[in-house]
Amino acid sequence: MPDFLDSDIKYLKGVGEERSKTLAKEIGVANFRDLLYYFPFRHVDRSRFYSIRELSGEDLPALQIKGHFISFSQEGEGVRKRLVGLFSDGTKLIETVWFNNLKYFASQYKPGVEYVIFGKPTLFRNVYSISHPEVEIYNPDKPPTGFRGVYTITDLMRRKGFTVLTIRRLIESIISQPGFNTIEENLPKEVMERYHLMPIKEALLNIHFPSNAELLQKAIERFKFEELYYLELNILRFSMERNVRIKGYPFSKIGDNFNNFYKNSMPFNLTGAQMRVLKEIWADMKRGRQMNRLLQGDVGSGKTMVAFLTSLMAIDNGFQAAIMAPTEILALQHFDTISKWADTIGVKVALLTGSTRQSQRKKIHQSLEDGSLNIIIGTHALLEDKVKFNRLGVVVIDEQHRFGVAQRAKMWNKGEVAPHVLVMTATPIPRTLAMTVYGDLEVSVIDELPPGRTPVTTLVRWDSSRVEVDNLIFSQLKKGRQIYIVYPLIQENEKLDLKSLQLGYQRTCDTFVGVPVCYVHGKMRPEEKEKQMELFVSGKARIMVATTVIEVGVNVPNATVMVIENAERFGLSQLHQLRGRVGRGADQSYCILMGKQSSGSETKKRLAIMAETTDGFLISEADMKMRGPGDMEGTLQSGMPFNLKVANLAKDGQILTLARDAALSVLAGNQSLVSQDLSTASVEKIQNPIILSQKEINFTKHELRLRFAHEVDWSLIS
Ligand code: ADP
Ligand code: MG
């Protein structure tokens, strides 16, 4: 394809060598395609001219006026120095103001020429003015109608003389070239028809210069679909190939350890959800392909037992299991829990973390290598090269979001055949993220809590109710219960945060005189933190004042109150995680969200959601809608493996579902899109496969290469 779209941007009239460098550096535009896909972030209404006389009120939108410049003058001194142009449309005068490049603008616009100026008028001392308006010579043959795109212009671009108008003109110039008509549709014909999409050329025209809102909408939808379709195609292709190519150990039996534990020493009966999930895991592990499963289960839903029983399945087939946690505290807690269970059936478990003594460490390495150790529990320390397994059969990763893709990959390389991988998370993952960021994993859900839990009562309280909250704490302390008080820790201003935590600690000690209080934050040395945690876990401390370090950590069933200070500064998912620390025993527990009375209505609405529901999925969906997927706990830490330009995972769930359908249908109909034989993969079952022409197949491969050459480094995991 000797493509018009691949033309170097520097050959576009008005660009040239120098400016093309700026475009490439600032907005990644190297060729015509890149610029055509540099979409406006919003559109303005240019469908009519306003007269200056009709302007009234303070809050006017950006609008356009046709007329002449009367005069220019420099006003002000120093940083206030500005160029003021008087502009008349025959009805009245309006001021136009420039704060930089004064000389340039003063010489640019001629009296007597008819111009169209565009911008947002502001009212000051009864005079309207527009700062840095867009100015165009009025062309009566081409009256500005319809909508116009507004483009992001970086500071550097601005300094080099780029404006929204420059970009718009450049795009216009590409569109007006004969080559534009040679652009070929990059979505298959049948996909276009099945999903009623706007064709590429029409869509490009309408996303930049729509003549009405409806066409603009259709154009945006098309590009969202296009973007998500190729993303899904890529993810699904990757996971299908991996499914077929990467052999997994076929576990053939449920053996003595499992049966013995299950029948004789398991301390409770599994919930229906735990049972179902275990069946899904077993089905994966016995089929001879590598398991890649994501297990979602709300805090307290009993994932640890699932991890243990999964490990027993591996052990009974002659393999070892590794369980990896994000923090020492969590690893220790898993070790305490699991070794108690394992002891009853003689299964050997060890703990390996950064603080494991050297002598102990040697022994562990040895027993892992000779196979006498069955389960190793630990932190990142498990990833060290020195850690070698005899036969690693399954890796369980708890709280996945603390581990990146690269770390998962490293773990996998420890066996000669890739071990099965079970990723567990308590952060419920919104559907759209599950289909994208985690789109290469199969998903299991524990949607049921063990019986005998009393739901946590959530209260939203303002500072004025401090006494009421203190009284609640007093009464719970009297019953022998323990209390968490959590302060936000936000990186931008660590010092201040730490100070509010210290003040909070002081206040707590002063208010609850004689009650032992411990104190934990992320900046403490690990040993000190461990010591403080231990005070609370053992019950020696009755109140814990802490930052969010306790979020994914401890399990203290005797704790019944969780007070969260400055709750407005937390994300909903984070609040939900924190709340999950209480309500672990049979007693009534409370989660108190302390907010500022003066918080905005948006904040109050957020906190109200917490009081209304304990459904982690609802909460995470709401959280994503309000904050966007980039901010979601989990994606923030591992980083999104791709950048979306037009589509928005928080808003475009419906388009995503369609795009995924389309991608599946295309994969089902076209074996040649993948390099492996997929006859054994699940694509066979897909209804309505879409069969592409050879040309479309080539086009699809071309697009995939184009889009994902740099962005998604899936090679890490394969
Ligand atoms: P999480 O999913 O948050 O990791 P845990 O595995 O820590 O949850 O389980 C929370 C608590 O529930 C633990 O005390 C655990 O022993 C208990 N538990 C787990 N499953 C059951 C069950 N089926 N019946 C009763 N209690 C259970
Ligand atoms: Mg857990």
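For the structure itself, look to the data block above.
Being a predicted model, the structure only gives us computed values, none of them experimental.

Trainee: What should I look at first to understand the environment of T614 in this one?
Mentor: Within the secondary structure layout, T614 lies in the loop between α20 (601-612) and α21 (616-627). Judged by its relative accessible area of 46%, T614 is partly exposed. Taking the C-alpha atoms as reference points, T614 and T458, separated by 156 residues in sequence, lie 9.0 Å from one another. For T614, the contacting residues outside a window of four places in its chain are D298, V456, H576, R579 and I619.

Trainee: Which parts of the structure should I look at to understand the sheet that holds strand β18 (residues 482-486)?
Mentor: The pairing of strands in a sheet happens through backbone hydrogen bonds and is either parallel or antiparallel. Taken in spatial order, the 6 strands make up an open sheet running β17-β22-β21-β18-β20-β19, and their pairing is parallel. Of all the strands in the sheet, just β17 (457-462) and β19 (517-520) have a single pairing partner and so form its edges. If you compare each strand with its neighbour and ignore which way they point, the axes differ by 15 degrees on average. Examined bridge by bridge, strand β21 (residues 559-564) and strand β22 (residues 590-595) share 4 bridges and lie parallel to one another. Residue pairing for β22: I564 is matched across the bridge by L593. Where helix α18 (residues 526-537) meets the sheet, it contacts β18, β19, β20 (543-546) and β21, and its direction lies at approximately 145 degrees from that of β19. Relative to β21, helix α19 (residues 572-579) is tilted by about 155 degrees, and along the sheet it contacts β17, β18, β21 and β22.

Trainee: Even after reading the chapter, I still don't get unusual backbone geometry, so can you show me in this structure?
Mentor: For residues other than glycine, phi is negative in most cases, and the peptide bonds are mostly trans. Look at N101: it is not a glycine, yet its phi comes out positive at around 50 degrees. The topology assignment puts N101 in the loop between β4 (93-98) and α3 (102-108). Among the residues examined, N101 registers a relative accessible area of 42% and is labelled partly exposed. One non-glycine residue, H132, lies in the positive phi region at around 40 degrees.

Trainee: Can you walk me through the sheet that holds strand β11 (residues 320-324) in this structure?
Mentor: Taken together, 7 strands build an open sheet; the order of strands is β12-β13-β11-β14-β15-β10-β16 and the sheet is parallel. Looking at which strands have only one partner, the edges of the open sheet turn out to be β12 (349-352) and β16 (442-446). Within the sheet, the average angular offset between the axes of one strand and its neighbour, ignoring direction, is 20 degrees. Note that β11 and strand β13 (residues 375-378) share 4 bridges and pair parallel. The residue of β13 that forms the bridge with M324 is G378. Where helix α10 (residues 272-286) meets the sheet, its contacts fall on β10 (292-297), β14 (392-398), β15 (420-425) and β16, and the angle it forms with β16 comes to roughly 160 degrees.

The rules behind each value
- Residues numbered from 1 in each chain as written.
- Chains lettered and ligands numbered in written order.
- Predicted model: local features only at pLDDT ≥ 70, side-chain atom pairs only at ≥ 80, totals over all residues.
- Heavy atoms only, no water.
- Helix = DSSP H or I, 4+ residues; strand = E, 2+ residues; numbered from the N terminus.
- Buried < 20%, exposed > 50% of the residue type's maximum accessible area, 1.4 Å probe, protein only.
- Contact = heavy atoms within 4.5 Å.
- Pairing = 2+ DSSP bridges.
- Axes fitted to C-alpha atoms, helices over the stretch in contact; angles between N-to-C directions.

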